[in-house]
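Each chain, letter by letter, is given below.
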Amino acid sequence: MNAPANIASAKTEAAAVLGRLGVDRALWTGGPRAVRSPVTGEIIADVHDTPLAAVAQTIETAHEAFRAWRNVPAPRRGELIRLFGEELRAAKADLAAVVTLEAGKITSEALGEVQEMIDICDFAVGLSRQLYGLTIATERPDHRMMETWHPLGVVGIISAFNFPVAVWCWNSALALVCGDPCVWKPSEKTPLTALATQAVFERALARFGDAPKGLSAVILGGREVGEALVDHPKVPLVSATGSTAMGRAVGPRLAQRFARALLELGGNNAAIIAPTADLDLALRGVAFAAMGTAGQRCTTLRRLFVHESIYDGFVGALKAAYASVPVGDPRQAGVLVGPLIDAASFDGMQKSLADARAAGGQVQGGERVEMGEEAFYVRPAIVEMPGQTDVVKRETFAPILYVMKYRDIEEAIALQNDVPQGLSSSIFTNDMREAELFISARGSDCGIANVNIGPSGAEIGGAFGGEKETGGGRESGSDAWKAYMRRATNTLNYGKTLPLAQGVSFEI
Ligand code: NAD
């Protein structure tokens, strides 16, 4: 269908921006899989799924690339990522425009996503000179013991629609400096951002000069294409980002063949607003974390525990912010909440709101905002709940914030932890004891625990990921690079005798 008259055509814009980015038209036209922009509901491209035989061939080619790339010194591998970072800087606005058209992010957030790619490239360039292991004291005279980190092999990357490019880059920038080629299966909802990213990457490859063929490849399709990547014996690591249901399917398949799994799955993130909190700061932190990206971040704030002494004032102010937040075309300045990704997402949100009402929840918001038949915009919903019922404990990937009262901090932390997911969490407090308790061993059980900032919007410098049903993986900064390499322990004897460890005697 056509876009409503007052909305610029996403299809026309997509064609122009893909052209500027140098994406071969044959890749996004004439195929059987329609790509719909959530912005206008138009079909903006028709892509081709990668046949399963071609998936296998792509992995074989990547494996051949691995045999050459592992011999290239890591700082030289870093040079490729430095060039890629330069190309991303040049393409930033165009690539962000594709993110907006395909994932529906407001322009500022789409630019932020590409900036995140640039940031991780910078990080990876530095890392390419710091892939070091330990030297370890040995119990034997004239011996030396150390560990060496070696490239692992082809890394499979499966990504979700909501971070269509940054998540790939968290993985690939690190994997490539670690010596590993990458094969990327993006979400079937966002193939264009992947094709556009590949075009930008190929510009860096051309400047680099002598990289092996197939160092980074994109394969398109749905679950079956993902499964082909997951099951291939020449892929020793699969980094998979998406729903917990996807992780439940992928994890055991990888375990079956003893491959590594790096799982980044669903979240159900909470914040605690304590009596001493700076309430203006907390209000802004909550508003961004709960309504940003139309509630479609893995780290989106979904559960809010407010101390009973400040509940009425704080929740009243929050409801006012919900009532006035601008919802609309994410390309327009001033809009803060763009569309949901598709009809299924809208239906899922309505179902959860019905469940919340049935459980005694008081709902404000959640109505559809008409922007075209196939475009699904909603007003973000804030729901006061009598307690943490089943609907609150599951992740609904839409802008619903469940709000609950608490009396003491131990109770609030117990509630925050009492869900199957364990991605991100935060507390707003100026009480040092509460802040320290929250980030202590008996505090938040999440992979991310923040104080006086919301649970979303992580920087690349820290390791990113979560516990429990979030999957346990860690990506991005800190020492997350170790997942992309294999560790060898080396013991060297420079003496003239052969002492055995643990004093064992074996004379022949
Ligand atoms: P999804 O699970 O529907 O799809 C994610 C990817 O997995 C897609 O590429 C899909 O094709 C693929 N896939 C699905 N089933 C598969 C299978 N059996 N084998 C191989 N591949 C398979 O998720 P989505 O709707 O695109 O994204 C939203 C979800 O992702 C939310 O739950 C969100 O919390 C989560 N997410 C998590 C993180 C994180 O870092 N923890 C980041 C972003 C999104």
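These figures come from a predicted structure and were not determined experimentally. Going along each chain's sequence as written, the residues are numbered from 1 onward. Note on the predicted model: pLDDT of at least 70 is required for a residue's local features to be given, and 80 or more for side-chain atom pairs to be given and counted; whole-chain, interface and lining totals, by contrast, use all residues.

**Concerning the sheet that holds strand β19 (residues 448–451)**
Inference 1: At least two bridges found by DSSP between two strands are what make those strands a pair. Only DSSP runs of H or I reaching four residues or more are called helices, and only runs of E reaching two or more are called strands; each is numbered from the N terminus. As summarised here, the arrangement of the 7 strands in space is β12-β15-β16-β11-β10-β18-β19, forming an open sheet in which the pairing is mixed. Each edge of the open sheet is held by one strand with a lone partner, namely β12 (362–364) and β19. Neighbour to neighbour, the strand axes of the sheet diverge by 20° on average, direction disregarded.
Inference 2: Relative to strand β18 (residues 424–428), strand β10 (residues 269–273) runs parallel, the two sharing 4 bridges. By the bridge assignment, Ile272 is partnered in β18 with Ile427.
Inference 3: Running at roughly 155° to strand β11 (residues 301–307), helix α10 (residues 279–291) makes contact with β10, β11, β16 (400–406) and β18 of the sheet. Think of each axis as a best-fit line through the C-alpha atoms, taken over the contacting stretch in the case of a helix, with angles from 0 to 180 degrees between the N-to-C directions. Residue pairs are scored as contacts if the distance between their C-beta atoms, which are placed from the backbone, is within 7 Å.

**A word on helix α4 (residues 74–103)**
Inference 1: Helix length check: α4 (30 residues) gives 34 Å between terminal C-alpha atoms against 44 Å at 1.5 Å per residue, more than 12% under.
Inference 2: Gly104 sits one or two positions beyond α4 and adopts a positive phi of about 85°. To estimate how far a helix should extend, the number of its residues minus one is multiplied by 1.5 Å.

**A short note on the UniProt feature "active site" (unreviewed entry) in the protein chain**
Inference 1: UniProt positions are given in the numbering used here, feature names are shortened, and annotations may be inferred rather than shown by experiment. If you check UniProt for "active site" (unreviewed entry), the listed places come out as Glu264 in our numbering.
Inference 2: The residue Glu264 is located in strand β9 (residues 260–264) in this model.
Inference 3: Judged by local crowding, Glu264 falls into the buried class, with 30 C-beta atoms found within 10 Å.
Inference 4: Those residues within four positions of Glu264 in sequence are excluded, and the remaining contacts are Thr241, Gly465, Gly471, Gly473 and Glu475. Remark: C-beta atoms are placed from the backbone, and a residue is labelled buried if 20 or more other C-beta atoms sit within 10 Å of its own, exposed if 12 or fewer do, or partly exposed between those counts.

**Quick word on helix α8 (residues 223–231)**
Inference 1: Looking at α8, one finds that the buried residues are Val225, Gly226, Ala228, Leu229 and Val230.
Inference 2: The elements touched by buried residues of α8 are α3 (52–69), β5 (155–158), β6 (182–185), β8 (237–241) and α9 (244–256).

**Brief notes about the nonpolar core**
Inference 1: Put simply, a nonpolar core is a cluster of buried Ala, Val, Leu, Ile, Met, Phe, Trp, Tyr and Cys residues tied together by C-beta atoms within 7 Å. Counting 153 residues, the largest nonpolar core has Leu174 and Leu304 as its most contacted members.
Inference 2: Of the residues forming this core, the biggest block, 13 residues, is contributed by α4.
Inference 3: How far each domain reaches was decided by an automatic or database domain assignment. Two domains each put at least three residues into this core: domain 1 (10–264 + 479–488) and domain 2 (269–459).
Inference 4: Those residues in contact with Leu174 that sit more than four places away from it in its chain are Ala124, Leu127, Ala480, Trp481 and Tyr484.
Inference 5: Core analysis: the second largest hydrophobic core is formed by 6 residues, Leu423, Cys446, Ile448 and Phe464 among them.

**Remarks on the domain arrangement of the protein chain**
Inference 1: Parsing the protein chain into structural domains produces domain 1 (10–264 + 479–488) and domain 2 (269–459).
Inference 2: Just the C-alpha atoms count here: the centres of domain 1 and domain 2 sit 30 Å apart.
Inference 3: In this assembly, 14 residues from domain 1 lie in contact with 20 residues from domain 2.
Inference 4: By the convention adopted, Pro, Cys, Tyr, Trp, Phe, Met, Ile, Leu, Val and Ala count as nonpolar, Lys, Arg, Asp and Glu as charged, and the other residues, Gly among them, as polar. Of the residues in the side of domain 1 that touches domain 2, the class split is 4 nonpolar, 6 polar and 4 charged.

**Details of the environment of Asn450**
Inference 1: Of note, Asn450 is situated in strand β19.
Inference 2: Its 25 C-beta neighbours within 10 Å are what place Asn450 among the buried residues.
Inference 3: Sequence spacing of Asn450 and Arg76 is 374 residues, and the spatial spacing of their C-alpha atoms is 36 Å.
Inference 4: If we ignore the near neighbours within four places in the chain, the residues touching Asn450 are Ser426 and Pro455.

**What to know about the site of the ligand**
Inference 1: With respect to spatial proximity, 30 residues lie near the ligand, and among them Ala160, Gly226, Gly242, Glu264 and Cys298 are the closest.
Inference 2: In terms of residue count, α8 provides more of the shell around the ligand than any other element does, 4 residues in total.
Inference 3: For the shell around the ligand, a count of residues per class yields 13 nonpolar, 11 polar and 6 charged.
Inference 4: Counting contributing residues per domain, the shell around the ligand is built from domain 1 (10–264 + 479–488) and domain 2 (269–459), each supplying no fewer than three. Nearness rests on one distance test: the residue's C-beta atom, set from the backbone, must lie within 6 Å of the molecule or strand.

**Describing the UniProt feature "domain: Aldehyde dehydrogenase" (unreviewed entry) in the protein chain**
Inference 1: Look at the UniProt record and you will see "domain: Aldehyde dehydrogenase" (unreviewed entry) annotated at residues 34–487.
Inference 2: This span, residues 34–487, is 41% helix and 20% strand, and a straight line between its end C-alpha atoms measures 43 Å.

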